[in-house]
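As a plain string of letters, each chain reads:
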Amino acid sequence: MSTLYAKISTDWNEHFVGYSALAIILSTCLGSIAVMLTMMDGNAFPQMFQVFLVVAACNAHNASILTVQKPKTVLNLLIVSILVSVLVMFASLLY
């Protein structure tokens, strides 16, 4: 796993500007799908907490790009954003 991360990180650093634009689209699209699936289950506290987690993760990633953070920080936040969105989607589909 560490070699895959190293290869992705090296490529990410070389093409940071192009990947940043794609990463914003990816993070936002996955986040919106996760929120939609969560809200289809209702609007009780557990669903609102899941929406909060997805929105916070996606916003942290987008803000890191807009505030010109280091490429490694942006990549790590993208990975976190994707993982949170996918986990919430699976939780919504299985719950």
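Residues numbered from 1 in each chain as written. Predicted model: local features only at pLDDT ≥ 70, side-chain atom pairs only at ≥ 80, totals over all residues. Heavy atoms only, no water.

(A) Spatial organisation of the environment of Leu37. Here Leu37 shows up in helix α2 (residues 16–39). For Leu37, a relative accessible area of 17% translates into the label buried. When the C-alpha atoms of Leu37 and Leu93 are compared, they prove to be 7.4 Å apart, with 56 residues separating the residues in sequence. Beyond its immediate stretch of four places on either side in the chain, Leu37 contacts Met89, Ser92 and Leu93. (Helix = DSSP H or I, 4+ residues; strand = E, 2+ residues; numbered from the N terminus. Buried < 20%, exposed > 50% of the residue type's maximum accessible area, 1.4 Å probe, protein only. Contact = heavy atoms within 4.5 Å.)

(B) Spatial organisation of the layout of surface pockets. Considered as a void within the structure, the largest pocket measures approximately 180 Å³ in volume. Residue lining of the largest pocket: twelve residues in total, with Ile8, Trp12, Leu75, Leu78 and Ile79 positioned closest to the centre. Elements with a minimum of two residues in the lining of the largest pocket: α1 (2–14), α2 and α4 (71–94). (1 Å grid on protein atoms, 1.4 Å probe; cavity = no way out; pocket = protein on both sides within 12 Å on 5 of 7 lines; lining within 4 Å. Points joined across faces, edges and corners; volume = space filled by probe spheres on them.)

(C) Up close: the packing of aromatic side chains. Counted by the stated rule, this structure contains four aromatic pairs. Between Trp12 and Phe16, the aromatic rings sit 5.9 Å apart at their centres with planes inclined by 70°, giving edge-to-face as the arrangement. When its relative accessible area of 19% is taken as the criterion, Phe16 is described as buried. Aromatic pair Trp12 and Tyr19: ring centres 5.9 Å apart, planes at 10°, arrangement stacked. Residue Trp12 is classed as buried on the basis of its relative accessible area, which comes to 5%. These aromatic residues form a ring-pair network of at least three members: Trp12, Phe16 and Tyr19. (Phe/Tyr/Trp six-rings, centres within 6.5 Å; stacked < 30°, edge-to-face > 60°.)

(D) Structural detail: the side chain of Ser27. For Ser27, the position within the fold is in helix α2. Among all residues touching Ser27, those that are not within four sequence positions of it are Cys58, His61, Asn62, Leu78 and Ser81.

(E) Representation of the packing of α2 against α4 in the model. Relative orientation of the contacting elements α2 and α4 amounts to 20°, with a least axis distance of 9 Å. One way to sum up the angle between α2 and α4 is to call them roughly parallel. The hand of the α2/α4 crossing is left-handed. Contacts between α2 and α4 involve Phe16, Ala23, Leu26, Ser27, Leu30, Gly31, Ile33, Ala34, Leu37 and Thr38 from the former and Pro71, Val74, Leu78, Ser81, Ile82, Ser85, Val88, Met89, Ser92 and Leu93 from the latter. Its residues assigned to classes, the contact of α2 with α4 shows 14 nonpolar, six polar and no charged. (Axes fitted to C-alpha atoms, helices over the stretch in contact; angles between N-to-C directions. Parallel < 35°, antiparallel > 145°, perpendicular 65-115°, else oblique. Left-handed = near helix turned anticlockwise from the far one by under 90°. Nonpolar A, V, L, I, M, F, W, Y, C, P; charged D, E, K, R; others polar.)

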